[in-house]
Amino acid sequence: MKASSSSSSRVLYSFWISSCSWRIRFALNLKGLQYQYKSVDLYKGEQFTPEFEQINPLHYVPVLVDDGVVVSDSLAIFMYLEDKYPQNQLLPADPYRRALNLQAASIVSNSMQPLHMKSVMVWVFFFFFFFFFFFVCVCVCVCVCATALFPVLRIRVKSILGSQIY
Ligand SMILES: N[C@@H](CCC(=O)N[C@@H](CS)C(=O)NCC(=O)O)C(=O)O
């Protein structure tokens, strides 16, 4: 995907609380690459603005615009930086150790990270409160029914067990 801008500047679309973006900021700084930081406020929903949608239709940060090329997703950006800017290599040269590093990075960014996304957390909290509310309603109904039926149950228990328990 090519950006509409043909400027040779390097821009990182990021948000302060985004750990995916931290990875790229670490990588850029470790490689000594200058970049312009553009904040996309995920709490205000700026990832859904038409301007940002043109840059990343999937609505998430980080996105790197480098020499007119747009790369999104932290692992892809990381590999792009590693290939394009070989100074201060961040991955080991040995294929096995390289694979181990990529394995750890893939587990974090593809298996763990998606569960922390704001859009996922919203649904988790929604279902948590829904089931909590449902549980409270069931408890209240059980208590009301038990209270209402108590005289009936008392008479029934008394008739079965006899009067010695009272
Ligand atoms: N696999 C992606 C995940 C990107 C991602 O989850 N970004 C989060 C911030 S860390 C985001 O932009 N979330 C927006 C939202 O949940 O609406 C990566 O590693 O870059």
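Along each chain, residues carry numbers from 1 onward, in the same order as the chain's sequence is written. Local features in this predicted model are restricted to residues of pLDDT 70 or higher, and side-chain atom pairs are both shown and tallied only at a pLDDT of 80 or more, whereas totals for entire chains, interfaces and linings draw on every residue.

Caption draft 1: Main features of the packing of helix α1 (residues 19-30) against helix α3 (residues 74-84). Between α1 and α3, whose axes approach to 9 Å, the crossing angle comes to 10°. Between α1 and α3, the angle is such that the two are roughly parallel. Within the contact between the two elements, α1 uses C20, R23, I24, A27 and L28 and α3 uses S74, I77, F78 and L81. Split into classes, the residues belonging to the contact of α1 with α3 amount to 7 nonpolar, 1 polar and 1 charged. Note on method: axes are straight lines fitted to C-alpha atoms, helices fitted across the in-contact stretch only, with angles between N-to-C directions ranging 0 to 180 degrees. The numbering of helices and of strands both runs from the N terminus, where a helix is a DSSP run of H or I of at least 4 residues and a strand a run of E of at least 2. In what follows, roughly perpendicular refers to angles from 65 to 115 degrees, roughly parallel to angles under 35, roughly antiparallel to angles over 145, and oblique to any angle outside these ranges. Residues are scored as being in contact if the C-beta atoms we place from backbone atoms lie within 7 Å. Residue polarity is assigned by list, with Asp, Glu, Lys and Arg as charged and Ala, Val, Leu, Ile, Met, Phe, Trp, Tyr, Cys and Pro as nonpolar; anything else, Gly included, falls into the polar class.

Caption draft 2: Expanded view of the site of the ligand. Close contacts around the ligand come from 17 residues, with S18, C20, Y60, S74 and K118 the closest. Secondary-structure elements contributing two or more residues to the shell around the ligand are α1, α3, α4 (95-116) and α5 (118-161). Its residues assigned to classes, the shell around the ligand shows 7 nonpolar, 8 polar and 2 charged. Nearness here has a simple definition: the residue's C-beta atom, placed using the backbone, must lie within 6 Å of the molecule or strand.

Caption draft 3: Focus on α4. Helix span is expected to be 1.5 Å times the residue number reduced by one. Spanning 22 residues, α4 covers 31 Å between terminal C-alpha atoms, matching the ideal 32 Å at 1.5 Å per step. The sharpest bend along α4 comes to roughly 25°, located at I107. Judged by how many residues are buried, α4 sits mostly at the surface: 0 of 22 residues are covered. Bend angle per residue: angle between axes fitted to the 7 residues ending at that residue and the 7 residues starting there. In this scheme every C-beta is placed from the backbone, and a residue whose C-beta has 20 or more other C-beta atoms within 10 Å is buried, one with 12 or fewer is exposed, and one in between is partly exposed.

Caption draft 4: Spotlight on the sheet that holds strand β4 (residues 69-72). At least two bridges found by DSSP between two strands are what make those strands a pair. Reading across the sheet, the 4 strands line up as β2-β1-β3-β4 and stay open at both edges, with mixed pairing between neighbours. At either margin of the open sheet sits one strand with a lone partner, and together these are β2 (36-39) and β4. Adjacent strand axes in the sheet meet at a mean angle of 20° when their direction is disregarded. Contacts from α1 reach β1 (10-14) and β3 (63-66), with the element oriented near 150° to β1.

On their own, these measurements won't tell you what the molecule is for.
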